[in-house]
Amino acid sequence: MSTENLPQSPEQPSRKPRVAVVFGGRSSEHGISVVTAGAVLKAIDRTKYEVLPIGITRDGRWALTADAPERMAITDRRTPSVEELAESQEGGVVLPVDPANREVVYTEPGSVPKALGEVDVVFPVLHGPYGEDGTLQGLLELSGVPYVGSGVLASAVGQDKEYMKRVFTSFGLKVGPYVVIRPREWQQDEPAARKKIIDFAGEHGWPLFVKPARAGSSIGITKVDDLSGLDEAIAEAQRHDPKILVEAALRGREIECGVLEFEDGPRASVPAEIPPPEAHAYYDFEAKYIDSTPGIVPAPLTPEETAEVRRLAVDAFEAASCEGLVRADFFLTEDGEFVINEINTMPGFTPISMYPQMWQASGISYPELVDRLVQAALRRSTGLR
């Protein structure tokens, strides 16, 4: 029997992809993550995407939050929090754990669970442990939900400064002198661990930078000018991470470069220079986010230096098997050599952050940058790739 003359059902209009912007988290960078999320929520094209903001509180609860970018900014030198934005202080959001089901559910004590619809891609703008370090990426891999940014391995490597440096060294990228103190070393023989740092200072000189091995945004970092400040610096770093990294000071210019994944592979932005902040000993959290020390974009480099740092930034991206985006930070030493300091697999993404500024100077606006990252995630499958 022919079906040509039977009435046809009208085609259902295809819905817009739903993007869950996940932010906040349990790390000390919670507030900056909220600020980043506000910028992304403001910039994302609502004619092209549906948006679902999900905040993770400081104690790890996944909360449905207000879609209110104007409330997600630094005010009076204070960063916002998910707790201030949560629709409920008890309700929770549950992501699917079945790859065949991408529906997000909202639950509240004493109420029937409410389906919030399917999520097509997650934009995780968490910084630091429990978000940027591969933990959330692993959850999303298990759930079969595509996401913006690097996978489990690259995220973990990008968060742990020791193994980041080991990977870079194995790929021929030059890193500065450093020494690591692991938790067991400190617990079993504190004097020996301290001597290890003192011997390192004897070899490379003061000042030293003592930092948490797995944190970012310059939180917990101390510049130590002599032995008298060492114990306090160690204690400050250990408040954020039991594993600490001690680096020798490198004399030179701080140069940053953004990497973005295009359809044909990663490309580097024009680089930026971070000048020494006048009111701070170095480019710390306060200088970055509270006092908004401006960077110089593009960096005043020779054409040869610009080409070299862009090449090295892409090399670092590839060495760590990164995806989506990376900000690569270098020192240009006094003898003209680029030394890589670190990469950030989810760099600061606020309107004043260097990563979007570098791409703006490269011809890609903030909204277009957000769109490119979402599109790259939608093109990519989860699982081995």
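Note that this is a predicted model, so its numbers are computed, not measured.

**Topic: the overall build of the chain**
Summing up its helical and strand segments, the chain has 12 helices and 16 strands in all. Taken against the 2.2 N^0.38 rule, which gives 21 Å for 385 residues, the C-alpha radius of gyration of the chain at 22 Å falls within 12% of a compact globule. Projected onto its principal axes, the C-alpha positions of the chain cover 90 × 55 × 40 Å. Looking at the chain as a whole, 54% of its 385 residues are labelled buried. In the chain, the share of contacts with a sequence separation of at least 24, taken over all contacts with a separation of at least 6, comes to 65%. For the chain, the accessible surface area stands at approximately 17,600 Å², while carbon and sulfur atoms represent 51% of it.

**Re helix H8 (residues 230–238)**
Turning to H8, its buried residues number three or more, namely Leu230, Ala233, Ile234 and Ala237. For H8, the arc enclosing every buried residue in end-on projection is 100°, short of the 170-degree limit, so these residues lie on one face. Here the buried face of H8 lies against helix H6 (183–188), helix H7 (190–204), strand S9 (208–212), strand S10 (222–224) and strand S11 (244–248).

**As for the sheet that holds strand S6 (residues 114–118)**
With antiparallel pairing, the 3 strands of this open sheet are ordered in space as S4-S5-S6. Because the sheet does not close on itself, it has two edges, and the strands there are strand S4 (92–94) and S6. Between one strand axis and the next, the sheet turns through 25° on average, direction left out of account.

**A closer look at the side chain of Arg380**
Mapped onto the elements, Arg380 comes out in the segment after helix H12 (366–379). For Arg380, a relative accessible area of 12% gives the class buried. Within the local environment of Arg380, its side chain forms a polar contact with the backbone oxygen of Tyr147, the two atoms lying 2.7 Å apart. Setting aside its immediate chain neighbours within four residues, Arg380 contacts Pro146, Tyr147, Val148, Gly149, Glu261, Glu323, Gly324 and Arg385.

**As for the pairing of S6**
Regular strands place their side chains on alternate faces of the sheet. By the bridge criterion, 4 bridges tie strand S5 (residues 103–107) to S6 in an arrangement that is antiparallel. Residue pairing in the sheet places Tyr106 in a bridge with Lys114 of S6. With antiparallel pairing between neighbouring strands as the criterion, S5 and S6 make up a hairpin whose turn holds 6 residues, including Gly110 at a positive phi of roughly 80°.

**A short note on the nonpolar core**
Counting 35 residues, the largest nonpolar core has Val21, Phe23, Phe123 and Phe349 as the members making the most contacts within it. In this structure, Phe123 is in contact with Val19, Ala20, Val21, Val22, Val40, Val148, Met346, Val370, Leu373 and Val374, ignoring residues within four places of it in sequence. If you look at the next biggest cluster of nonpolar residues, it comprises 28 residues, including Leu312, Ala313, Phe330 and Ile340.

**Things to note about the sheet that holds S9**
The antiparallel open sheet is built from 4 strands, whose spatial order is S8-S11-S9-S10. Here the strands that pair on one side only, and so sit at the sheet edges, are strand S8 (178–181) and S10. For this sheet the average axis-to-axis angle between neighbouring strands, irrespective of direction, equals 25°. One ladder, built from 4 bridges, connects S8 with S11; its direction is antiparallel. When the bridges of S11 are listed, Ile181 appears paired with Ile244. Strands S8, S9 and S11 of the sheet are contacted by helix H5 (residues 161–170), whose axis makes an angle of about 140° with S8. Contacts between H8 and the sheet are confined to S9, S10 and S11, with S9 contributing the most and set at about 25° to the helix.

**Remarks on the pattern of salt bridges**
According to the stated counting rule, one finds 30 salt bridges in the structure shown. A salt bridge links Glu342 to Lys161, with the nearest nitrogen and oxygen atoms 3.9 Å apart. One end of the pair, Glu342, is in strand S16 (residues 338–344); the other, Lys161, is in helix H5, and 181 residues separate them in sequence. The residues Glu342 and Lys161 share a single accessibility class, namely buried. Its salt-bridge partner being Arg194, residue Glu190 comes within 2.8 Å of it at the nearest N-O pair. Taken together, the residues Glu190 and Arg194, both in helix H7 and 4 residues apart, mark about one turn of the helix. Its relative accessible area of 34% is what places Glu190 among the partly exposed residues. Through salt bridges with shared partners, one network takes in Asp160, Glu162, Arg166, Arg182 and Lys243.

**Some thoughts on the packing of aromatic side chains**
Taken as a whole and assessed by the stated rule, the structure comprises 5 aromatic pairs. Judged by centre distance (6.3 Å) and plane angle (70°), the ring pair of Phe123 and Phe349 falls under edge-to-face. Here Phe349 lies in the loop between S16 and helix H11 (354–361) and Phe123 lies in strand S7 (residues 121–124), a separation of 226 residues in the sequence. Using a relative accessible area of 0% as the deciding quantity, one classes Phe123 as buried.

**Concerning the side chain of Thr345**
The topology assignment puts Thr345 in the loop between S16 and H11. On the basis of relative accessible area, Thr345 is assigned to the buried category, the value being 3%. Non-local contacts of Thr345, meaning those with residues more than four positions away in its chain, are made with Glu132, Ser150, Ala154, Ser155, Gly158, Cys322, Leu325 and Val326.

**Considerations on the pairing of strand S13 (residues 265–268)**
Across 4 bridges, strand S12 (residues 252–262) lies against S13 in antiparallel orientation. Each residue of the ladder has a partner; that of Glu261, found in S13, is Pro266. Linking S12 back to S13 in an antiparallel pair, the connection comprises 2 residues.

Cut-offs used in this document
- Residues numbered from 1 in each chain as written.
- Predicted model: local features only at pLDDT ≥ 70, side-chain atom pairs only at ≥ 80, totals over all residues.
- Heavy atoms only, no water.
- Helix = DSSP H or I, 4+ residues; strand = E, 2+ residues; numbered from the N terminus.
- Rg over C-alpha atoms; globule rule 2.2 N^0.38 Å.
- Buried < 20%, exposed > 50% of the residue type's maximum accessible area, 1.4 Å probe, protein only.
- Contact = heavy atoms within 4.5 Å.
- Areas by Shrake-Rupley, 256 points an atom, 1.4 Å probe, with all protein chains shown as cover.
- Arc of directions from axis to C-beta.
- Pairing = 2+ DSSP bridges.
- Axes fitted to C-alpha atoms, helices over the stretch in contact; angles between N-to-C directions.
- Polar contact = N/O pair within 3.5 Å; in protein donor to acceptor, adjacent residues only side chain to side chain.
- Core = buried A, V, L, I, M, F, W, Y, C linked by side-chain atoms within 4.5 Å.
- Salt bridge = Lys/Arg side-chain N within 4 Å of Asp/Glu carboxyl O.
- Phe/Tyr/Trp six-rings, centres within 6.5 Å; stacked < 30°, edge-to-face > 60°.

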